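Next come the chains, spelled out residue by residue.
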Amino acid sequence: MITGVVNAHLEATLRLTLRGPNGQMRRVKAVVDTGFDGSLTLRPAVIAYLGYSWDGRGSAILADGSETVFDIYAGVVVWDRRKRAIPIHEADTTPLVGTALLAEHELRVAFRPRGKVTIKRLGSR
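Treat the numbers as computed from the prediction; the structure is a model and nothing was measured.

Q: I would appreciate a short explanation of the pairing of strand β9 (residues 105–109) in the present structure.
A: Successive residues of a regular strand alternate their side chains across the two faces of the sheet. As judged from the five bridges shared by β9 and strand β10 (residues 116–121), these two strands associate in the antiparallel manner. In the sheet register, H105 faces β10, and the bridge partner there is R121. Remark: six residues form the turn of the hairpin made by β9 and β10, two consecutive strands paired antiparallel; R114 in that turn has positive phi of roughly 70°.

The following block contains the structure:
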């Protein structure tokens, strides 16, 4: 199970551990964004620190209707105590956890400041 907390802005937040190919490690606080269908966004400086390799480019339509193009990197996140290889979308903003990372999991959020966030793998107790 993965746990987090709701912040003062009523955003569900998680602390994630990221691993680089040469043993680098970084902990980041990320916001759960069910409107984002990717796995995870990270700032360019974090991607560079972790030494993630460039994997291509993608595009997305943002909530305001505008389209953006971004770089995608091959990364590793510790998710439910397991290392998981995922695509990382570069974005110069607060890291976001998207629905691709939440797939096959149940998300529960108590939407109040300091409310509990829990993510459980489907089929687990």
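Q: Any chance you could explain the side chain of T17 here in plain terms?
A: Here T17 lies in strand β2 (residues 12–19). Apart from the residues within four sequence positions on either side, T17 is in contact with M25, R26, R27, V76, V77 and V78.

Q: Would you explain the nonpolar core in this entry?
A: A general feature of soluble globular proteins is that nonpolar side chains tend to end up buried together. Within the largest apolar cluster, 25 residues are counted, with the highest numbers of intra-cluster contacts made by L14, L16, L18, L40, L42, W79 and V97. With four residues, the top contributor of residues to this core is β2. If near-sequence neighbours (up to four positions away) are discounted, L40 is found in contact with L16, L18, A30, I86, P87, I88, H89, L96 and V97.

Q: Got a minute to help me understand the pattern of salt bridges in this structure?
A: Pairs can form between side chains of opposite charge whenever their charged atoms are close. Following the criterion strictly, the structure yields three salt bridges and no others. For R57, the salt bridge is made with D71, and the minimal N-O distance between the two is 2.8 Å. Pair noted here: R57 is in strand β5 (residues 53–61) and D71 is in strand β6 (residues 67–79), with a separation of 14 residues, a long-range link. Accessibility expressed as a relative area gives 15% for D71, which makes it buried. Between R108 and E106 there is a salt bridge, with the nearest N and O atoms lying 3.5 Å from each other.

Q: Honestly, the layout of surface pockets in this entry has me stumped. Any pointers?
A: Rolled over the atoms, a probe as big as a water molecule pinpoints where empty space is left. By volume, the largest pocket amounts to about 390 Å³. Taken as a whole, the second largest pocket spans an internal volume of roughly 250 Å³. In terms of lining, the second largest pocket is formed by 16 residues, of which the most central are I2, T3, R15, L16 and R27. Secondary structure elements with two or more residues in the lining of the second largest pocket: β1 (2–6), β2, β3 (25–32) and β6. The greatest single-element share of the lining of the second largest pocket, amounting to five residues, is contributed by β2. Class assignment for the residues of the lining of the second largest pocket results in seven nonpolar, four polar and five charged.

Reading guide: rules and limits
Residue numbers restart at each chain and count upward from 1, following the sequence in its written direction. Where totals are concerned, whole chains, interfaces and linings use all residues; where local detail is concerned, this predicted model gives features only for residues with pLDDT of at least 70, and gives and counts side-chain atom pairs only at 80 or more. With hydrogens and water excluded, all non-hydrogen atoms of the structure serve as input to the side-chain values. Strands qualify as paired when DSSP identifies two bridges or more between them. Here a strand is any run of E in DSSP of at least two residues, a helix any run of H or I of at least four, and the numbering for each starts at the N terminus. Any two residues whose heavy atoms approach within 4.5 Å at even a single point are treated as in contact. Put simply, a nonpolar core is a bunch of buried Ala, Val, Leu, Ile, Met, Phe, Trp, Tyr and Cys residues held in one set by side-chain atoms that sit within 4.5 Å of each other. For each residue, the accessible area found with a 1.4 Å probe, counting protein chains only, is set against the maximum for its type, and the residue is called buried under 20%, exposed over 50%, and partly exposed in between. What makes a salt bridge here is a side-chain nitrogen of Lys or Arg within 4 Å of a carboxyl oxygen of Asp or Glu, nothing more. Cavities and pockets were defined on a 1 Å grid built over protein atoms only: a cavity is a set of grid points that admits a 1.4 Å probe from which the probe cannot escape, a pocket is an open set flanked by protein on both sides within 12 Å along at least five of seven lines, and lining residues are those with an atom within 4 Å of any such point. Grid points are joined across faces, edges and corners, and a volume is the space filled by probe spheres set on the points. Amino acid classes used here: Ala, Val, Leu, Ile, Met, Phe, Trp, Tyr, Cys and Pro are nonpolar; Asp, Glu, Lys and Arg are charged; the rest, including Gly, are polar.

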